[in-house]
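What follows is the residue order along each chain.
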Amino acid sequence: MSKNHFGLVVHGGAGTMDRSAMTPEREQIFRAALEQSLKAGFAILQRGGSSLEAVETAVRVLEDDPHFNAGKGAVFTSAGTHQLDASIMDGKTLKAGAVMGVEHIKNPISLARLVMEKSSNVALEGAGAEAFAKENGVALVDQKYFFTQERWDAWQRIKEAAKGGDGKQFILSDQDKHGTVGAVALDQAGNLAAATSTGGTTNKPPGRVGDSPIIGAGTYANDATCAVSATGDGEYFIRANAAHDISALVEYRGLSVEEASRTVLAKVEKLGGTGGVIVIDRKGNMALPFNTSGMYRGHVDQNGKFVTEIYH
């Protein structure tokens, strides 16, 4: 893609998406949500705001949208609860913040940024993260806030499928299982940032942590190279150290973000994992590869040209 002075890329999860099951109305809902996220982040970049603020804002929009598996639309654990993870990284300073397994935080990405800016830690989990939130004036929400009928129904289907043996065939889409959101941005000052937020995987055991809140796995940003946010089978992205590996290939081998991201995605796939990444480098070059049938994604350049896509 063309070089830009600033730009923003977002994703809403990658997976096996059945075109025939996607009605035009439903497709429009997802495209509109992605565009709303892009517009919110772009407004910040356009006025000279920071990439950090842009990615946090873009991700908050998707956390507030019940169609994505982050914030409001988070999936159910095997215990029937919601546990959310998020992380954010500033490419200028290499500072980062993450929260894991929080159950009462409306916008985990903003708490992750607070951890980065208001504490000496990189990551806080569970009750400790929520105590930190209260200390910093973040209002907690009831678990009921995260409930959506669609996620509840998906959990019931997966529980039935896990039982097996009853002769029924259950169609489990990746939308049922996961759908992490993320954003990467380059601002007018030349600084990069990345942010990722998720509810994890449907029916996950309580306490399970995927790649989204792990710096270097699901999120990474470095002004010298690029900013990365990943989505997919988190365990494999952790094992591949995926987000940092993309940055390392750019830094040490001089690969383009397109070449680096495809190389790392192939490594994830070889391990058995599927998913995708969004990447932007310090010149504004973007890459959005995925090895599934679809990935909710969008990008905008400095000219305000918005593009949203779902399939290859």
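Only a predicted model underlies this, so the values are computations on that prediction, with no experimental measurement involved.

Points about the overall build of the protein
Logical step 1: For the protein, the helix and strand inventory stands at nine helices and twelve strands.
Logical step 2: Counting only C-alpha atoms and orienting by the principal axes, one finds that the protein spans roughly 55 × 45 × 35 Å.
Logical step 3: Within the protein, buried positions represent 57% of all 312 residues.
Logical step 4: Long-range pairs, those at least 24 residues apart, make up 69% of the contacts in the protein with a sequence separation of at least 6.
Logical step 5: Of the roughly 12,400 Å² of accessible surface on the protein, 50% is carried by carbon and sulfur atoms.
Logical step 6: In the protein, which carries 32 positive and 36 negative side-chain charges, the distance between the mean positions of the two groups comes to 1 Å.

Quick look at the pairing of strand 3 (residues 95–102)
Logical step 1: Across the eight residues of strand 3, seven count as buried, placing the element largely inside the fold.
Logical step 2: In this sheet, strand 3 lies alongside strand 2 (residues 84–90) in antiparallel orientation, the contact comprising six bridges. Bridge pairing links Leu84 to Val102 in strand 3.
Logical step 3: Counted between consecutive antiparallel strands, the loop separating strand 2 from strand 3 contains four residues, among which Leu94 sits at a positive phi close to 65 degrees.
Logical step 4: Where strand 3 lies against strand 4 (residues 123–125), three bridges are found, and the strand directions are parallel. Residue pairing across strands places Val99 opposite Leu124, the latter belonging to strand 4.

A few points about the sheet that holds strand 8 (residues 226–232)
Logical step 1: Taken in spatial order, the four strands line up as 7-8-9-10 in an open sheet, and their pairing is antiparallel. Each end of this open sheet is capped by a strand with a single partner; those strands are strand 7 (219–221) and strand 10 (286–287).
Logical step 2: Direction of pairing for strand 9 (residues 275–281) relative to strand 10: antiparallel, over a ladder of two bridges. Its bridge partner being in strand 10, Val279 is matched across the sheet by Ala287.
Logical step 3: Sitting on the sheet, helix 8 (residues 242–253) is in contact with strand 7, strand 8 and strand 9, with an inclination near 145 degrees to strand 8.
Logical step 4: On top of the sheet, helix 9 (residues 257–271) reaches strand 8, strand 9 and strand 10; it is set at about 155 degrees to strand 9, its chief contact.

Structural notes on helix 5 (residues 149–163)
Logical step 1: The first and last C-alpha atoms of helix 5 sit 21 Å apart over 15 residues, in line with the 21 Å expected at 1.5 Å per residue.
Logical step 2: Within helix 5, the full set of buried residues consists of Arg151, Ala154, Trp155 and Ile158. Buried positions in helix 5, seen along its axis, are confined to an arc of 105 degrees and lie on one side of it.
Logical step 3: In the stretch just after helix 5, Gly164 is the one whose phi turns positive, near 65 degrees.

Digging into the sheet that holds strand 11 (residues 294–301)
Logical step 1: The strand order 4-3-2-6-5-1-11-12 describes an open sheet built from eight strands, whose pairing is mixed. Every interior strand has two partners, whereas the edge strands, strand 4 and strand 12 (306–311), have only one. Each strand axis lies, on average, 10 degrees off the axis of its neighbour in the sheet, ignoring direction.
Logical step 2: By the bridge criterion, five bridges tie strand 11 to strand 12 in an arrangement that is antiparallel. Paired with Arg297 across the strands is Glu309, a residue of strand 12.
Logical step 3: Helix 4 (residues 126–135) contacts strand 3 and strand 4 of the sheet and is inclined by roughly 110 degrees relative to strand 4.

Notes on the nonpolar core
Logical step 1: Of all hydrophobic cores here, the largest spans 48 residues; its most connected members are Leu8, Phe68, Ile88, Leu111 and Tyr296.
Logical step 2: If one sorts the elements of this core by residue count, helix 1 (residues 24–46) sits on top with seven residues.
Logical step 3: Apart from the residues within four sequence positions on either side, Leu111 is in contact with Val99, Val102, Ile105, Ala129, Phe132 and Ala133.

Remarks on the environment of Gly304
Logical step 1: Along the chain, Gly304 turns up in the loop between strand 11 and strand 12.
Logical step 2: Considered as a pair, Gly304 and Asn191 are 113 residues apart in the sequence and their alpha carbons are 19 Å apart.

Quick word on the pairing of strand 5 (residues 181–186)
Logical step 1: Within strand 5, six of the six residues are buried, leaving the element largely enclosed by the surrounding structure.
Logical step 2: The alternating pattern of strand 5 places Val181, Ala183 and Ala185 and Gly182, Val184 and Leu186 on opposite faces, both of which are buried.
Logical step 3: Two elements, strand 1 (residues 7–15) and strand 5, share five bridges in a ladder whose sense is antiparallel. Each residue of the ladder has a partner; that of Val10, found in strand 5, is Ala183.
Logical step 4: One ladder, built from six bridges, connects strand 5 with strand 6 (residues 192–198); its direction is antiparallel. Counterpart to Gly182 in the pairing with strand 6 is Thr196.
Logical step 5: Hairpin connection between strand 5 and strand 6: a loop of five residues separates the two successive antiparallel strands, and Gly190 in this loop has a positive phi of roughly 90 degrees.

Here's the deal with the packing of helix 2 (residues 51–63) against helix 3 (residues 108–118)
Logical step 1: One can describe the packing of helix 2 onto helix 3 by two numbers: an axis separation of 8 Å at closest approach and a directional angle of 150 degrees. The angle between the axes of helix 2 and helix 3 places the two elements in the roughly antiparallel class. Between helix 2, through Leu52, Glu53, Glu56, Val59, Arg60 and Glu63, and helix 3, the contact on the second element is made entirely by Pro108, Ile109, Ser110, Arg113, Met116 and Glu117.
Logical step 2: Here the residues of the contact of helix 2 with helix 3 are counted per class, giving five nonpolar, one polar and six charged.

Rules of the game
- Residues numbered from 1 in each chain as written.
- Predicted model: local features only at pLDDT ≥ 70, side-chain atom pairs only at ≥ 80, totals over all residues.
- Heavy atoms only, no water.
- Helix = DSSP H or I, 4+ residues; strand = E, 2+ residues; numbered from the N terminus.
- Buried < 20%, exposed > 50% of the residue type's maximum accessible area, 1.4 Å probe, protein only.
- Contact = heavy atoms within 4.5 Å.
- Areas by Shrake-Rupley, 256 points an atom, 1.4 Å probe, with all protein chains shown as cover.
- Lys, Arg positive; Asp, Glu negative; His and termini not counted.
- Charge placed at Lys NZ, Arg CZ, Asp CG, Glu CD.
- Pairing = 2+ DSSP bridges.
- Axes fitted to C-alpha atoms, helices over the stretch in contact; angles between N-to-C directions.
- Expected span 1.5 Å × (residues − 1).
- Arc of directions from axis to C-beta.
- Core = buried A, V, L, I, M, F, W, Y, C linked by side-chain atoms within 4.5 Å.
- Parallel < 35°, antiparallel > 145°, perpendicular 65-115°, else oblique.
- Nonpolar A, V, L, I, M, F, W, Y, C, P; charged D, E, K, R; others polar.

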